[in-house]
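Chain by chain, the residues run as shown.
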Amino acid sequence: MPDPRPVPIPASIDRKRVPAHIGLVMDGNGRWATQRGLVRTEGHAAGEEALVDAAYGALAVGVKCLTVYAFSTENWRRPLDEVRYLMGFNESLLMRRRDELNEVGVRIVFSGRRDRRVPRRVLANMEAAQELTKNNKVMTLNMAFNYGGRAEIVDAVKRLVEDGIPADKITEKTIAQRLYHPELPDLDLVIRPSGETRISNFLLWEIAYSELVFNDILWPDYRREHLYAAIEEYQGRQRRFGGVDS
Ligand code: IPE
Ligand code: IPE
Ligand code: MG
């Protein structure tokens, strides 16, 4: 299916300096729903359109990888009904969207723990989406699901031990190689809408030198225009990585 809402890319974006890897914290669904007198889960449902539009926008502007925060290791603390809804919703979203994303060349992958709390059927559909899209090259859509930045580092350390790596061989590289997706580059840009200015355990290792952009838009209202504005803001920043400007 072609882009359902093609929007011109602002001329002010330098197409040669588009961030290769962007992280999006899809936050504010509950508040969006509450403002409208709806139940929180209706906010999650309304977030689907935002995700699809942001993904098409990222694709159009040439982003190579988009990581979206869909469910954190801390989100299990929510009421059981909401957790159940989110499990089923993420599964059905994948089933609804995987063919369309596949057609436009998106590779779908997941970051997070595949533990027993995630229903087996959900895991099976995650596998299916990953398998269907595994050879796609245009963009990687990494869904952070049952994801925690600390859990990811713990899992990497466990693998170091399992691999019998001695202490003097532990380096940033040997740790990074054991993260969930070592093939993906570090994040260039992390965007958090909804007015919260915190990281909430998103990609702790991979955002060491990311640019951070915050805004007040609640996730269901998020559209690619907001993504483009964040990319422009990113392009105005000076990245120094601890060095000095040349
Ligand atoms: C983000 O929206 C979705 C998930 C965390 C799964 P929220 O549900 O956190 O919405 P707010 O922050 O309560 O408004
Ligand atoms: C972060 O949002 C997780 C996701 C968007 C999936 P939260 O709503 O869970 O974060 P906090 O609780 O406000 O820090
Ligand atoms: Mg929230």
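Presented here is a report on the structure given in the accompanying data block. Every chain's residues receive numbers from 1 upward, in the order its sequence appears when written. All chains are assigned letters beginning with A, and all ligands numbers beginning with 1, in the order in which they are written. Only residues with pLDDT of at least 70 are given local features in this predicted model, and only at 80 or more are side-chain atom pairs given and counted; all residues enter the totals for whole chains, interfaces and linings. Values shown for side chains rest on all heavy atoms present in the structure; no hydrogens or waters enter the calculation.

Concerning the site of ligand 2
Residues are classed as near a molecule or strand on a simple rule: at least one heavy atom within 4 Å of it. In the vicinity of ligand 2, the residues found are Val25, Met26, Asp27, Tyr69, Ala70, Phe71, Asn75, Arg78, Arg192, Arg198 and Ser200. Separating an oxygen atom of ligand 2 from a side-chain N or O atom of Asn75 is a distance of 2.9 Å. As used in this structure description, the phrase polar contact means that two N or O atoms lie within 3.5 Å; if the pair is within protein, one of them must be able to donate a hydrogen and the other to accept it, and residues adjacent in sequence are counted only when both atoms belong to side chains. One nitrogen or oxygen atom from the side chain of Arg78 is found 3.2 Å from an oxygen atom belonging to ligand 2. Looking at the shell around ligand 2 element by element, the count peaks at three residues for strand S2 (residues 65–72). Across the shell around ligand 2, the residue classes tally to five nonpolar, two polar and four charged. Each helix is a run of DSSP H or I of at least 4 residues and each strand a run of E of at least 2, with the numbering of both proceeding from the N terminus. Any residue that is not Ala, Val, Leu, Ile, Met, Phe, Trp, Tyr, Cys, Pro, Asp, Glu, Lys or Arg is counted as polar, Gly included; the first ten are nonpolar and the last four charged.

Some thoughts on the site of ligand 1
Surveying the vicinity of ligand 1 reveals 13 residues, the closest of which are Asp27, Gly30, Arg31, Arg40 and Arg78. One of the side-chain N or O atoms of Asp27 is found 2.9 Å from an oxygen atom in ligand 1. Measuring from an oxygen atom of ligand 1, one finds a backbone N or O atom of Arg31 at 2.7 Å. Where the shell around ligand 1 is concerned, the elements lending two or more residues are helix H1 (29–35), helix H2 (40–61) and helix H3 (80–103). With three residues, H1 is the single largest residue contributor to the shell around ligand 1. Considered class by class, the residues forming the shell around ligand 1 number three nonpolar, five polar and five charged.

Examining the packing of aromatic side chains
Pairing of aromatic side chains requires ring centres within 6.5 Å, counting the rings of Phe and Tyr and the six-membered ring of Trp. Pairs whose planes differ by under 30 degrees are stacked, by over 60 edge-to-face, and all others tilted. Scanning all chains against the criterion turns up eight aromatic pairs. Taking 6.1 Å as the distance between ring centres and 80 degrees as the angle between the ring planes, the aromatic pair formed by Tyr69 and Tyr147 counts as edge-to-face. Residue Tyr69 is found in strand S2, and its partner Tyr147 is found in strand S4 (residues 139–147); the two are separated by 78 residues along the sequence. Per residue, the accessibility class of Tyr69 equals that of Tyr147, and both read buried. A simple rule labels every residue: compare its accessible area, found with a 1.4 Å probe on the protein chains alone, to the largest value its type can have, and call it buried under 20%, exposed over 50%, or partly exposed in between.

Some words on helix H7 (residues 224–235)
Note on helix geometry: an α-helix contains 3.6 residues per turn, so any two residues three or four positions apart are oriented the same way. For H7, which comprises 12 residues, the first-to-last C-alpha distance of 16 Å matches the rise-based estimate of 16 Å (1.5 Å per residue) to within 8%. Of all the residues in H7, the buried ones are Arg224, Leu227, Tyr228, Ala230, Ile231, Tyr234 and Gln235. All buried residues of H7 project into a common sector of 160 degrees when viewed along the axis, lining one side. Throughout, a contact is declared for two residues whenever any of their heavy atoms are within 4.5 Å. Here the buried face of H7 lies against strand S1 (21–25), H2, strand S5 (189–192) and strand S6 (211–214). A helix is expected to span 1.5 Å multiplied by its residue count minus one. An arc is given here, and it is the one of the directions from the helix axis to the C-beta atoms.

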